[in-house]
Structures are given as structure tokens and as C-alpha cells.
Amino acid sequence: MSFFVTTPIYYVNDVPHIGHAYTTIACDIFNRFHKLKGEETFFLTGTDEHGQKVEKASLAKNKDTQKFVDEMSQNFRDLIPFLGCEIDDFIRTTEDRHKNATQFLWNKLKENNQIYLSNYEGWYSIRDEAFYLESELTKKENGFVAPSGAPVEWVKEESYFFKLSAWQNKLLEFYEQNKNSILPKSRYNEVLSFIKGGLKDLSISRTTFKWGIKVPEDDNHVMYVWIDALCNYITALSYPNIDNSSFKKFWPGVHIVGKDILRFHAVYWPAFLLAADIEPPKKIFAHGWWTNEGQKISKSIGNVIDPYEIVNQYGLDQMRFFLFREVPFGNDGDFSKDAIAQRVNADLSNNFGNLIQRISSFIVKNSDSKVNKPAEFIDDDKNLLNQYDEALNNYLTNMNSYSIDKALKNIFEFLSLVNTFVDNQAPWSLKKTDPVRMEEVLYVVAILIIKSSILLLPIIPSSIKKVLSIFSLSVEEINLSKIQNFLPEIISIKKPYPIFPRIEK
């Protein structure tokens, strides 16, 4: 089995913010989850560096455009390890491999009679790099604006067109046969509604600026930034060499994107691929947007959330955990410092962290830093171990359906049961009355801490490595195929230390 996951490649006209961090961490979580299942994985991210918006931004800063994108792209590359993410490739659209792949795709579309030259006249947003129908626009005092709030301008120029209209029925047929290929379900319905509303041929080249990939055999035109950007997903798999092992192994992949760019990924991109005789993506997940303390995030308001600042203040895994425990993946969410403190303190510090600390400390002090596997488990132990198996099955179901918040809820409900088990069994009392039973209880709790930790590894990897090290284990020793039957003869404990300190408001 193999798994290929991508972020959208990030536009380099600005610095990274919480939205970029959110999408990248989401991909990292799923990549780690599939790796934990024993699959071969490929995680791709990168930067989108062409288009009129980038050209304008570099001119505004009085910089050579290539130097400008080099600097801006590095900002996004530097953020990846800071977020605890492990990627397999970082692609830039200014690389030769990408220019060659995109021009090959263009020629393939042309060869398949999917491109023609005509004139474009209509509404275009430079900020969104998107064309809009007048019916999609809102009239304001200063003119029309796009659904994103971006201003639009009337554009008239010679343009190459892609025969998008010819793929309306094929796209509907594909999506009706693959009902889970767009998630959440509301986004699937949104895409089908858009396609059924009628697709018009798409302008895919521009002549009013030069910063882009040249249209083959026509130097007057550069490619529309979206045909260029979307092609990155297959460039990284060595397209056009589709016999290459990476393309054969990993395509089609999973795209995780913000809901604002769903149309490009779920309508234009599959149509380009089908028209070029390539299979559409396996899945497209469109997540929501974040507000900041209830307010829409905006540079003009000055409430843009800097991921560096948040991580430095609250901790990396604390931020990763909050973002995906607090809000159902796919919904909009509100970023609040109080909410981070409450969530981290309740789940990580009080529930999970306290359990690790009190059990490992007790074993070190009262059981010579180790516990042995019982000869047999009594009914109370078996019930709790069975409840773990149930939690594991729910976790797998939820992670496989991209419901990270539900998977986390399952784990922490189970950890609450383990804490209750400790309180009821009271090993501190058993020490005096029944030391054999005390060791049985300690073993059961220790093994369930380890088993639960493995499920949390994709979300809070650096913290889980620390937890496992307390129990003399490493992440290389356990995966999801081994975890259910993982019952070592001895569990050795190293001196514990607090892994999830409380956040003081």
C-alpha cells in the first residue's frame, strides 16, 4: 500500500501564517498515520511562484522577481521543520523540472485537441488569480468584488482556452461513482452543484504580463497560473515519465486544501488530468478557515496569526494538538489563547500527562523501575484492554475518514477510563495489602499508556517520542499492526519528567 498527500503549493507574495501551518500540519498528521500503518508514503509541499500578483509584489519591493521568489520561498521551506513536519519533496514552480512537466502537459492537451486560441473578455481578480462570472460577483461602490472580497477588473485579451465544457458530464459521472472523493460531504455537494450549473471553457493563458511559464511555440503567452500550479502534484512524481516507479506507486494522491481553492482542485484539475489521459486525484479534502478571537483574520486589522509566535509561546505539540482537537477538520474554527490553555490543560496536562507522571513515578519508587507481565489478567483488566481495542477500531475508522477531532476524542475518552481505573484500583493501597495485584495494575496501566501514545504519535510526535522513552521504547519499535498484540514480558521505566506543563493564562 502507498499514500501520497499534498498541501496546495503556497503563493509567495506574502509570509507564512496560521492557515499555511494548519494545512501543512494536517498533511503531516495523515502522512505519519499512514506510515504508522506500515504504508509507503510521500508528502509533498512547495511554493507557487508565478503570476501577475507575484510580479506586482516584487515590483512593489523594487526587487528582481526571481530573487524575490527565492527569498519568499525560503520562508515557507523554513517553516516545515519548525512545525515538526517531515516532507519528502519541496517543489518550486520556477524549477526547470516543473517548467518541463507543465509544458509537456500543455502539449498533451493540445495534441488531444483540448486547447484552442480565441479572445477572452470578462471579469478577472489579480488577487485570486481567478476568472469569475458576473453572477458570482457582488456590486460595491467602487465596482464589483469576487466572493473572496477581492476586487475584479474587466479583461480583454487574446487567450488560449481549455475545453472545460466538454468535461462536464465526465466529471459528474466520475464524482457520482466516487462519492467520497471530495470531503467533507458539504463540499462534495457544492462541487456537484457548480458542475451541474454548467461549465464554460477556461482561459488558460495571459499576454498582459511575462512572469510565468511560456506557452510552447508562442512566446507572447504565459500559462494561466493555475494550470502551472496544479501540475506540481505530478511534476514531483517525475511526470511526464509516467512509467517511473514514483508515479506508478503514488498517483493518484490526496490533496488537502483550503475551501477557497476547492473549485480549482475539484473541477479544473481533474478535467485537465482526464483530458491528458491521467487518472483524477483519489481524494480532495477542503478544510475551513480560522478566525482570531472571533474576528476574521486580516492584515488590515493587524490580527494575522504568526505560527512562530504561537509555537514559541505555547509549544509545538500543544499547537498541533489544539488545532485538530478543538475544531472538526473541515469546519471553520476560532483561534483563541484562552481556548488553547483550556484544551491543553484539560487533555494533555491533566488527563494524559498526569496519568504518565503518577504511574511512571510510582513504578520507579515502588516497583524497582519495572513491571512484569501478569500470568493472567483478571476481568477488570480484560475489560479495560478490550475497551482499548474498541477505541483503536474507532480511531482507525475516524482517521481513515479524515475525522482527526473524533479520533482524538476517542483517545481522550479512553484515557479518562484509564485514570478512573487507577483511582478505583488504588495501587498505593495495594502496595500494603496485595503487592502482586499492585504490579498487575501497574502493568495494565503502563501498557495502555504506551498503546494510547502510539495513536497520538501522528498528532504530537515529539512529545510521544519523549513518553515512549520514559517506557524504554522508541517509535521505530511499534506500529499499528503490532500495537494490538503488544504485551512485552517486562516494561522498564526511566525517571519521568513533566512532558505537558500546564499553560498559565
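Everything that follows concerns the structure shown earlier in this document.
Residues numbered from 1 in each chain as written. Predicted model: local features only at pLDDT ≥ 70, side-chain atom pairs only at ≥ 80, totals over all residues. Heavy atoms only, no water.

1. Section: the sheet that holds strand β12 (residues 205–206)
Part 1 of the reasoning: Spatial strand order, β12-β14-β13: three strands in an open sheet with antiparallel pairing. If you trace the sheet from one side to the other, it starts and ends with β12 and β13 (214–215), each paired once.
Part 2 of the reasoning: Across two bridges, the pairing between β12 and strand β14 (residues 218–223) is antiparallel. Bridge assignment links Arg206 to a residue of β14, and that residue is Val222.
Part 3 of the reasoning: Where helix α4 (residues 96–111) meets the sheet, its contacts fall on β12, β13 and β14, and the angle it forms with β14 comes to roughly 100 degrees. (Pairing = 2+ DSSP bridges. Helix = DSSP H or I, 4+ residues; strand = E, 2+ residues; numbered from the N terminus. Contact = heavy atoms within 4.5 Å. Axes fitted to C-alpha atoms, helices over the stretch in contact; angles between N-to-C directions.)

2. What to know about the nonpolar core
Part 1 of the reasoning: Formed by 184 residues in total, the largest nonpolar core has its most connected members in Tyr175, Ile204, Tyr224, Trp251, Phe324, Phe352 and Phe471.
Part 2 of the reasoning: A per-element tally of this core places helix α17 (residues 435–456) first, with 14 residues. (Core = buried A, V, L, I, M, F, W, Y, C linked by side-chain atoms within 4.5 Å. Buried < 20%, exposed > 50% of the residue type's maximum accessible area, 1.4 Å probe, protein only.)

3. Notes on helix α5 (residues 168–177)
Count 3.6 residues to each turn of an α-helix, and residues three or four apart come out pointing the same way.
Part 1 of the reasoning: Buried within α5 are the following residues: Gln168, Leu171, Leu172, Phe174 and Tyr175. Each buried residue of α5 sits inside an arc of 160 degrees when the element is viewed along its axis, so together they form one side. Among the exposed residues of α5, those pointing more than 90 degrees away from its buried face are Asn169 and Gln177.
Part 2 of the reasoning: Check the buried side of α5 and you find it contacts β10 (182–183), α6 (185–196), α10 (262–275) and β16 (283–287). (Arc of directions from axis to C-beta.)

4. Focus on the side chain of Thr41
Part 1 of the reasoning: By secondary structure assignment, the location of Thr41 is in strand β3 (residues 40–48).
Part 2 of the reasoning: Take Thr41: its relative accessible area is 10%, and that puts it in the buried class.
Part 3 of the reasoning: Polar side-chain contacts of Thr41 include one of 3.2 Å to the side chain of Asn31.
Part 4 of the reasoning: In this view, Thr41 contacts Phe3, Asn31, His34, Lys35, Asp88 and Phe250; residues no more than four positions away in its chain are not counted. (Polar contact = N/O pair within 3.5 Å; in protein donor to acceptor, adjacent residues only side chain to side chain.)

5. What to know about the pattern of salt bridges
Part 1 of the reasoning: The final tally for this structure, using the stated rule, is 25 salt bridges.
Part 2 of the reasoning: For the salt bridge of Arg92 with Asp70, the shortest nitrogen-to-oxygen distance reads 2.6 Å. Highlighted residues: Arg92 in strand β4 (residues 89–92) and Asp70 in helix α3 (residues 65–82), separated in sequence by 22 residues.
Part 3 of the reasoning: For Arg92, a relative accessible area of 16% puts it in the buried group.
Part 4 of the reasoning: For Lys259, the salt bridge goes to Asp332, with nearest N and O atoms at 3.0 Å. (Salt bridge = Lys/Arg side-chain N within 4 Å of Asp/Glu carboxyl O.)

6. With respect to the layout of surface pockets
Part 1 of the reasoning: There is about 390 Å³ of room inside the second largest pocket.
Part 2 of the reasoning: If you go around the second largest pocket, you meet 21 residues; those closest to its centre are Phe131, Tyr132, Leu133, Lys200 and Asp201.
Part 3 of the reasoning: For the lining of the second largest pocket, the elements supplying multiple residues, two or more each, are β5 (115–125), β6 (130–132), β9 (153–162), β11 (202–203) and α10.
Part 4 of the reasoning: In terms of residue count, the dominant contributor to the lining of the second largest pocket is β5 (four residues).
Part 5 of the reasoning: Taken together, the residues of the lining of the second largest pocket break down into twelve nonpolar, three polar and six charged. (1 Å grid on protein atoms, 1.4 Å probe; cavity = no way out; pocket = protein on both sides within 12 Å on 5 of 7 lines; lining within 4 Å. Points joined across faces, edges and corners; volume = space filled by probe spheres on them. Nonpolar A, V, L, I, M, F, W, Y, C, P; charged D, E, K, R; others polar.)

7. A short note on the sheet that holds β9
Part 1 of the reasoning: Taken in spatial order, the four strands of this open sheet run β6-β5-β9-β11, and their pairing is antiparallel. Edge positions in the sheet fall to β6 and β11, since each of these pairs with one other strand and no more.
Part 2 of the reasoning: Alignment of β5 against β6, held across three bridges, turns out to be antiparallel. The partner of Ser125 across the bridge, within β6, is Ala130.

8. Observations concerning the pairing of strand β1 (residues 2–6)
Part 1 of the reasoning: Counting buried residues in β1 gives four out of five residues, a clear majority hidden from the surface.
Part 2 of the reasoning: Taken together, the five bridges between β1 and β3 define a ladder with parallel strand orientation. When the sheet's bridge partners are listed, Phe3 is paired in β3 with Thr41.
Part 3 of the reasoning: In terms of strand pairing, β1 meets strand β15 (residues 254–258) through two bridges, oriented parallel. Across the sheet, residue Val5 finds its bridge partner in β15, namely Val254.

9. Description of the packing of helix α15 (residues 404–425) against α17
Packed helix pairs are specified by the crossing angle of their axes together with the interaxial distance, meaning the distance between the axes.
Part 1 of the reasoning: Two elements in contact, α15 and α17, have axes separated by 11 Å at closest approach and are oriented at 170 degrees. When the interaxial angle is binned, α15 and α17 end up roughly antiparallel. When α15 is examined against α17, the residues Leu408, Ile411, Phe412, Phe414, Leu415, Val418, Phe421, Val422 and Gln425 are found in contact with a partner set consisting of Arg437, Val441, Val444, Val445, Leu448, Ser452, Leu455 and Leu456.
Part 2 of the reasoning: Classifying every residue of the contact of α15 with α17 by side-chain character gives 14 nonpolar, two polar and one charged. (Parallel < 35°, antiparallel > 145°, perpendicular 65-115°, else oblique.)

10. Observations regarding the pairing of β5
Part 1 of the reasoning: Two strands pair when backbone bridges link them, and β5 and β9 are joined in this way by ten bridges, in the antiparallel orientation. Paired with Ser118 across the strands is Ser159, a residue of β9.
Part 2 of the reasoning: Linking two consecutive strands that pair antiparallel, namely β5 and β6, is a turn of four residues; a positive phi of about 50 degrees is found at Glu129 within it.

Geometric descriptors of this kind do not, in isolation, establish any biological role.
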